Amino acid sequence: MTPELKGFLLVASLKILVAFSLVNVGVIMVIWAERRVSAFLQDRLGPNRVGPLGLLQSLADGVKNFTKEETYPAEADPVVFVLAPVLSFIPAMLAAAVIPFGSPLPGFDMTLPIIGQIVYSGEIPMMIADLPIGFLFILAITSLGVYGIVMAGWSSNNKYAFLGSLRGSAQMVSYEIAMGMGLVALMILVGNVTLTEAIARQQESTWFIFPLFIGFFLFAVSSLAETNRLPFDLPETESELVTGFHTEYSSMKFSMFFMAEYANMITASAMMATLFFGGWDIPFTTWDEGPASYLRFFATFGVFLAKTWMFMLTFIWIRWTLPRFRFDQLMQLGWKFMIPLALGYIMLIATTVWVLDTRGVEFGIVYSLILFAVNLPLTYVLFSILDRGKVLGGSQHKRVKVSA
Amino acid sequence: MTLPLFWVFGGIAILSGFMCITRRSPVASALWLIQTMFSLAGIYVLLDAQFIAVIQVLVYAGAIMVIFLFVIMLLNLGRTKTTDMVGRPGQITSLVLGTLMTLELFVLNKVIPAEQFRLPEGTMATMTDEMGAVGMIAEPLFRGYIVPFEITSVLLLAAVVGAVVLAKRKI
């Protein structure tokens, strides 16, 4: 083996290890966080006995699930029944492969005993694979996750599981469209689909949350639906369908569905952080864009984790705050509101970008702020007129005064 | 490295295509078809056509086949013991046609394509680097071939309207 190949193999395997453990440790942490935060929101204590602050609770639950009995429904389709949790777990793990989790590291040239010389020339990009198709890869891979739900529901031969999977497939296909269209506006601004370029463009101007405010709103709402979280957890709905598509699953097979849900949540949070909140970019400074160094990597890595966790906590907060949608309401929101809004938004952004480019405005902070100004009236229309002011003012002012 | 991967993906695609047409359960057939489409996406990546590959997965495997499965499940065709597979005459016809098509493929393999269809090796990779995977498709599609593209979209719109009219009698 040449020193370059050795260097590549070493770097690649280390990056895979880091990204994979980021997802898996993240899953353990976020399950713990969900239980603690929900307890906090409901004025309870939550799990606090296993390890410090109950941090090891998820590990204990994992061990418990490994030792539980595996049940097979008598009328289930044997092959598909076993395949379903795998098919929902693997895409959830794969999607993290293209997300950059820090600024690049410097290359190295060193000689180790036994292994010999190892060379990696140039900067090491901190993602497993810098694919030219960028976030389209994530959309494609996560869209395969629906097969886990569909196959689980069908093969269980249980009417509740079946209804759950029917809902799941309809819901995920519908919201995929809104999600993709919400990202088209971002593609117009970036000019490409790779995540590295999306981050570079945000460093040139401002974070895309400002120029693409409605785009972020669309993406956030549809990723709630894609990850089957409340208020859109219609495939599970424990009040109607027992536990929906995974009613018949026990032991580790249930755990795989559970872990896939949280892994999808991590991917969605990391996507939101990368595409709309600058990824590993540290705000108000250009220090992190300097030449690659270890200090810069660890600082940016920390910032990326902080942004991702902020969104995960928001996911949890939303879950324990909002009530569930009805299925027809969900479909109406998806098809009659989100998709037309996304289409109109693409046209609005494209027109503004065209006007700005023909006027010769340089891409930068001013460019972003003009786009933000275009977004504001639309945001006002959406949140105060269409929603009758409930998002902005709460439902307080609608309270009817009862006279004594 | 490309050639062995091509054989792997090609082999999986052909095998799952065969399984797709020979399974009795419609659900199994649909799952094998998804496998075929996924292997085809792998072959597209080997040809440096990443965008086509991702659209193959996103649209065909991720959306259209979900709808297929949805309909199969909704009609509850999955567990029927009876089969609508064709009898002996149909099997012989398909065997003859299949052999003919394989022979045609062998002949087509010998044909040298016209000059403008042959790109020097590595053209796709350099173009992807320059214009991005999406820009490479979008540039000719929305500049050179805008009229055919729009006509296709009108055709699709007509199909959608037709489907709505057929499905919903009272509008």
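Residues numbered from 1 in each chain as written. Chains lettered and ligands numbered in written order. Predicted model: local features only at pLDDT ≥ 70, side-chain atom pairs only at ≥ 80, totals over all residues. Heavy atoms only, no water.

With respect to the interface of chain B and chain A
So, step 1. Taken together, the contact between chain B and chain A spans 25 residues of the former and 24 residues of the latter.
So, step 2. When chain B packs against chain A, the two sides together hide about 2200 Å² of surface, and 79% of this comes from carbon and sulfur.
So, step 3. At the junction of chain B with chain A, the criterion picks out 0 salt bridges.
So, step 4. Connecting chain B to chain A are 1 residue pair in polar contact (both at pLDDT 80 or more).
So, step 5. Elements represented by at least two residues in the side of chain B that touches chain A include exactly α2 (26-46), α3 (50-74) and α6 (133-144) of chain B.
So, step 6. In terms of residue count, α3 of chain B provides more of the side of chain B that touches chain A than any other element does, 15 residues in total.
So, step 7. Of the residues assigned to the side of chain B that touches chain A, the class counts are 19 nonpolar, 5 polar and 1 charged. (Contact = heavy atoms within 4.5 Å. Buried area = accessible area lost by both parts, 1.4 Å probe. Salt bridge = Lys/Arg side-chain N within 4 Å of Asp/Glu carboxyl O. Polar contact = N/O pair within 3.5 Å; in protein donor to acceptor, adjacent residues only side chain to side chain. Helix = DSSP H or I, 4+ residues; strand = E, 2+ residues; numbered from the N terminus. Nonpolar A, V, L, I, M, F, W, Y, C, P; charged D, E, K, R; others polar.)

Thoughts on the confidence of the model for chain B
So, step 1. For chain B, per-residue confidence averages 84 on the pLDDT scale, and 93% of positions sit at 70 or higher.
So, step 2. On the interface metric, ipTM, the complex scores 0.80, and its pTM is 0.84. (pLDDT = per-residue confidence, 0-100.)

Observations concerning α6 of chain B
So, step 1. Its 12 residues place the ends of α6 of chain B 18 Å apart at the C-alpha level, agreeing with the 16 Å of an ideal helix rising 1.5 Å per residue.
So, step 2. Taken together, the buried positions of α6 of chain B are Ala-133, Val-134 and Met-136 of chain B. Burial along α6 of chain B is one-sided: seen end-on, the buried residues are contained in an arc of 170°. Within α6 of chain B, the exposed residues directed more than 90 degrees away from the buried face are Arg-143 and Gly-144 of chain B.
So, step 3. The inward-facing, buried residues of α6 of chain B abut α4 (134-143) of chain A together with α3 and α5 (123-131) of chain B. (Expected span 1.5 Å × (residues − 1). Buried < 20%, exposed > 50% of the residue type's maximum accessible area, 1.4 Å probe, protein only. Arc of directions from axis to C-beta.)

Considerations on the side chain of Ser-269 of chain A
Residues and elements named next belong to chain A.
So, step 1. Here Ser-269 is to be found in helix α9 (residues 251-276).
So, step 2. A relative accessible area of 0% means that Ser-269 is categorised as buried.
So, step 3. Those residues in contact with Ser-269 that sit more than four places away from it in its chain are Thr-308, Phe-311, Met-312 and Phe-315.

Thoughts on the domain arrangement of chain B
Accessible area lost when the parts come together is the quantity often used to give the size of an interface.
All names here are of chain B.
So, step 1. Domains assigned within chain B are domain 1 (2-118) and domain 2 (120-171).
So, step 2. Between the C-alpha centres of domain 1 and domain 2 the distance comes to 22 Å.
So, step 3. Taken residue by residue, the interface counts 7 residues in domain 1 and 7 residues in domain 2.
So, step 4. Together domain 1 and domain 2 conceal approximately 480 Å² of surface at their shared face, both sides included; 74% is due to carbon and sulfur atoms.
So, step 5. Counting the contacts that link domain 1 with domain 2 gives 0 salt bridges.
So, step 6. Counting every contact that joins domain 1 to domain 2 gives 0 residue pairs in polar contact (both at pLDDT 80 or more). (Domains from an automatic or database assignment.)

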